[in-house]
Structures are given as C-alpha cells and as structure tokens.
Amino acid sequence: MRWMLWTFLVVVGIVLLVVAIGWLVPRDHVATRIGRYRQSPEAIWTAITDVDAMPLWREGLKSVKKLPDRNGLPAHIEVTSMGELPLETVEMTPPRKLVGRIADAKLPFGGTWTFEIAPAPDGATLRITENGYITNPVFRFMSRFVLGYTGEIDKYLRSLAKKFGEQPQIGA
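Cut-off values and rules
Residues numbered from 1 in each chain as written. Predicted model: local features only at pLDDT ≥ 70, side-chain atom pairs only at ≥ 80, totals over all residues. Heavy atoms only, no water. Helix = DSSP H or I, 4+ residues; strand = E, 2+ residues; numbered from the N terminus. Buried < 20%, exposed > 50% of the residue type's maximum accessible area, 1.4 Å probe, protein only. Lys, Arg positive; Asp, Glu negative; His and termini not counted. Salt bridge = Lys/Arg side-chain N within 4 Å of Asp/Glu carboxyl O. Polar contact = N/O pair within 3.5 Å; in protein donor to acceptor, adjacent residues only side chain to side chain. Contact = heavy atoms within 4.5 Å. Pairing = 2+ DSSP bridges. Phe/Tyr/Trp six-rings, centres within 6.5 Å; stacked < 30°, edge-to-face > 60°.

All right, on to the side chain of arginine 140 then. Among the structural elements, arginine 140 can be located in helix α4 (residues 137-147). Buried charge arginine 140 goes without a salt bridge, the closest partner of opposite sign being aspartate 28 at 8.1 Å. A polar contact of 3.1 Å, which involves the side chain of arginine 140, links it to the backbone oxygen of threonine 135. Here arginine 140 is in contact with Gly22, Trp23, Val25, Pro26, Arg27, Ile134 and Thr135, once residues within four sequence places are set aside.

Okay, structure coming up:
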C-alpha cells in the first residue's frame, strides 16, 4: 500500500513541476524555418493557397471546410486527428506573402503563420514564421521542452517537398 502512496505522490509532484515550469516559460514565441524547393514561386503559391487540395499532400490534415470570406479574404477550418482548427487569411500578396491566423480566441494557443516565398537560383524558398502564444502552462512546457516550436512548421515544409517529389531541404 505504501508504494501506491509513493507512486501517487511522485506523479502529483511531476505534474506540479511541469505546471510550475510551464508558468515560467514565456507565453509568446516566434519560430522560423525555411524550405528550399526546385519549383517556381508561383507553383509554391498555388500549393499553399489551394486549400481544397491540401488534404492530399499535408501530413496529418484529414480535410478542410471552407468558410465565408472574412474582410474579403479566405477562411477555412482544418480537420486533423486533434480536432478542428479555424483559420482566416489576414494578408495575401501573390505570389510572395500569405499571413494566416487562428480564428478562435477560446483555444489555449493562437497566433499567425507568415508564409514568404522568394525566388532562388534553383527554384524558390518558403519561409514560415510562427508568431504564437500558448496560454496553458502544461501546453507551454510540452511545446518548449518536448514537441518544439518548429515541429508543425517542419512537418508542413516536409509535406510540401513530398508533394513536389523532392527531398526536404529545411533550415533556419
């Protein structure tokens, strides 16, 4: 019976430690990664703005549901195994820049993703910058120390490379 008490106390201690450390991690973060592709800026632009085709190439994306435009710009819901994530476009400058924002203030995280496409000698680059925030201290701890802030960006850039039949070339 004592071992059960000690196990319980250790688990509670670990949870409290995770929460305490999570409160010390800054709420806001910025993460940037760059993918290099042997494609034109226009081909990359088409891929990242064709939301109907995204479930065909994006790892982890099951489906999308289009929403009515907001302020004249597209909006949609991404459906993954983690649930639904409403997104809205806040800036669109073809074929160079796209800024999307999580459109649900009730979520324990949020922010924007800025996609910047630039020509390169052998194709183009796509820089994704996440300006995010995480309100839940457990999620902050997990994002900072377990998952990493660039995990979803890297997955997106890898998926895009596979869509084009290329090996991922991802850097800071």
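Back to the text.
With that out of the way, let us pick up the pairing of strand β2 (residues 61-70). In summary, the side chains of a regular strand alternate between the two faces of the sheet. In terms of strand pairing, β2 meets strand β3 (residues 73-80) through seven bridges, oriented antiparallel. Bridging from a neighbouring strand, leucine 61 pairs with threonine 80 of β3. Remark: two residues form the turn of the hairpin made by β2 and β3, two consecutive strands paired antiparallel; asparagine 71 in that turn has positive phi of roughly 55 degrees.

To continue, consider the packing of aromatic side chains. Within a pair of aromatic rings, the relevant descriptors are the distance that separates the centres and the angle that separates the planes. Scanning the model with the defined rule gives six aromatic pairs in all. Between the aromatic rings of tryptophan 57 and tyrosine 156, the centroid separation amounts to 5.5 Å while the plane-to-plane angle is 75 degrees, which identifies the pairing as edge-to-face. Linking tryptophan 57 in helix α3 (residues 54-57) with tyrosine 156 in helix α5 (residues 151-163), this pair joins segments that are 99 residues apart in sequence. Each of the two residues, tryptophan 57 as well as tyrosine 156, counts as buried. Measuring from centroid to centroid gives 5.4 Å for phenylalanine 115 and tyrosine 156, while their planes differ by 55 degrees, and the two rings are tilted. Here tyrosine 156 lies in helix α5 and phenylalanine 115 lies in strand β6 (residues 109-120), a separation of 41 residues in the sequence. As far as the burial class goes, phenylalanine 115 and tyrosine 156 line up, both buried. Chaining the aromatic ring pairs together yields one cluster made of Trp57, Trp113, Phe115 and Tyr156.

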